[in-house]
Amino acid sequence: MQARPPLVILFLALLAPAAIHMPQPLLPSLSVLFQRDPADVALFMTLVLAPLGIMPVVYGYLLEGFSTRSLLMVSTLVIAAASLWLWALPEYGHWMLARGLQGLALPALMTAVMTMLSVSVPREARAHAMGLYVASTIVGGYSGRLLAGWLGDHSDLTTPFLIMALCYLAAIPGLLLLKKDSGAGFARIRLPVALSILRLPRFAAAYVMIFAVFFVFTAVLTLLPFELRSRDSSITDFQLGLLYSGYLTGLVVSLNIRRLREHFVITTRLVLIGLATFGAGTLLLLLHGYLASFLVLFLFCGGMFLIHTTLSGMLNHSLDRHHGVINGLYLASYYLGGAVGSHLPGYLYEAFGWESVILLSLLLLCLCLWLVPELAKEPIAETARAE
């Protein structure tokens, strides 16, 4: 068994978030192309984020027994085909269907990638492998946006999806070299266990908090390009893609989270610092000017990633069992928050403007502050022992 995961798996870990987020900097231009309102084109994000919160649970029942390699092959081909569909038929209805198809395939791909990372390296190398996975997803989320913005300016709005399709197809030969195994890594979430975990104040508070945090994060990153373009029509798609450079703060946070936990000792203090940073970044996005927004997003993204990494680590260390259910509920809350945040605030933005989106975001972060004391309550393990 090799000490490092196969390169093709890390490549797919990078491509998955790239496919998810690629349309984001192009949304204002797509709104013009399709002659649709911001909330309508924001559905291109919603259609991918919503299944990420729902489908892993469904797939736990439908895909049990599928080999990881087979699932990687099928999901990779489906995403490539959907990307070619986006490139070949730039019509709103076709794009809705193609993005929906990607939304169905991406949860399978991402779960299979995580499974392959775990089984392809020795036990002592798994923490490092997951660190590489996190780093790959952050770089992928940023590079997908940046590439889309650059190609949107230097080619057309569909070329990024052709390049994405070719990247996925390039992974197929590497997948064929992987050893065939059994079990794709999906875990069934049993209702009694899930309910027993949700009764624990720390877990209920964390799930509500990450829903609200990712709601705000996605709402702001989806609508900010529209606001900047409305203030200055000369802002290019590449500039909008470059705007997401603050996303790379996730690398800094994830690589240093252990040191931060050791320094602050009390985990809720890290959550408070993250909320304060995230809230300050949200408020400062009321400043006008592209450069101001570019710089503020480093603060904004840093705060979100600090909350995200702290909460996920806290929950995994709170109980000595049911980690599959704990993480499944966490990811469902995370992505469903993003799905709702990518769409509904668009209507608020159209009716009342950017300030209303910021106000809603700050109100949700106040709710998160109110929930922090619940995070400090240690769970009683026996209450989560439902079989």
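This text goes with the structure placed above it.
Report on the accompanying structure. Just so it is clear, the model here is predicted, and its values are computed rather than measured.

Regarding its fold elements, the chain presents 17 helices and zero strands. Of all 387 residues assigned to the chain, the portion counted as buried reaches 55%. Summarising the internal contacts of the chain: among those between residues at least 6 apart in sequence, 85% fall at separations of at least 24. Put simply, the chain shows about 16,200 Å² of open surface, and 68% of that area lies on carbon and sulfur atoms.

This part takes up the pattern of salt bridges. All told, the structure shown has three salt bridges when counted by the stated rule. In this structure, Glu227 and Arg231 form a salt bridge, with 2.9 Å as the shortest nitrogen-oxygen distance. Here Glu227 pairs with Arg231, and both are found in helix α11 (residues 201-231), just four residues apart, close to one helical turn.

Looking now at the nonpolar core. Taken as a class, soluble globular proteins show a tendency for nonpolar side chains to be buried jointly. Leu72, Leu106, Tyr168, Val213 and Phe300 are the most contacted members of the largest nonpolar core, which totals 115 residues. Ranked by residue count, the leading element in this core is α11, at 18 residues. Look past the residues within four positions of Val213 in its chain and what remains in contact with it is Leu275, Phe278, Met304, Ile307, Leu365 and Cys368.

Mapped onto the secondary structure, Glu91 falls in the loop between α5 (68-88) and α6 (92-119). Glu91 sits in the partly exposed class, given a relative accessible area of 45%. In this structure the C-alpha to C-alpha distance between Glu91 and Phe34, which are 57 residues apart in sequence, comes to 6.9 Å.

By the definition in use, this model includes zero disulfides. Cys366 supplies the cysteine sulfur nearest to Cys368, a cysteine that is in no disulfide, at a spacing of 9.0 Å.

Here the focus is unusual backbone geometry. Positioned with a positive phi, Gln35 is a non-glycine residue whose angle comes to about 55°. Looking at the secondary structure, you find Gln35 in the loop between α2 (27-34) and α3 (38-41).

A few words on helix α10 (residues 191-198). The set of residues buried in α10 consists of Val193, Ala194, Ser196 and Ile197. Taken down its axis, α10 places every buried residue within 165° of arc, on the same side.

For the rest of this paragraph, the subject is α2. Because an α-helix packs 3.6 residues into every turn, residues spaced three or four apart end up facing the same way. With six of its eight residues buried, α2 lies for the most part within the structure. For α2, the complete set of buried residues consists of Leu27, Pro28, Ser29, Leu30, Ser31 and Phe34. A positive phi of about 55° marks Gln35, the residue just after α2.

Where helix α1 (residues 7-21) contacts helix α8 (residues 159-170), the two axes come as close as 11 Å, and the packing angle between them is 155°. In terms of axis orientation, α1 runs roughly antiparallel to α8. The chirality of how α1 crosses α8 is left-handed. From α1, Phe11, Leu12, Leu15, Ala16, Ala18 and Ala19 reach across to α8, where they touch Met164, Cys167 and Tyr168. Per-class residue counts for the contact of α1 with α8 are nine nonpolar, no polar and no charged.

A few words now on the packing of α11 against helix α17 (residues 354-375). Here α11 crosses α17 at 160°, and the two axes come no closer than 9 Å. The angle between α11 and α17 falls in the class roughly antiparallel. The handedness of the crossing between α11 and α17 is left-handed.

Rules used in this analysis
Residues numbered from 1 in each chain as written. Predicted model: local features only at pLDDT ≥ 70, side-chain atom pairs only at ≥ 80, totals over all residues. Heavy atoms only, no water. Helix = DSSP H or I, 4+ residues; strand = E, 2+ residues; numbered from the N terminus. Buried < 20%, exposed > 50% of the residue type's maximum accessible area, 1.4 Å probe, protein only. Contact = heavy atoms within 4.5 Å. Areas by Shrake-Rupley, 256 points an atom, 1.4 Å probe, with all protein chains shown as cover. Salt bridge = Lys/Arg side-chain N within 4 Å of Asp/Glu carboxyl O. Core = buried A, V, L, I, M, F, W, Y, C linked by side-chain atoms within 4.5 Å. Disulfide = S-S within 2.5 Å. Arc of directions from axis to C-beta. Axes fitted to C-alpha atoms, helices over the stretch in contact; angles between N-to-C directions. Parallel < 35°, antiparallel > 145°, perpendicular 65-115°, else oblique. Left-handed = near helix turned anticlockwise from the far one by under 90°. Nonpolar A, V, L, I, M, F, W, Y, C, P; charged D, E, K, R; others polar.

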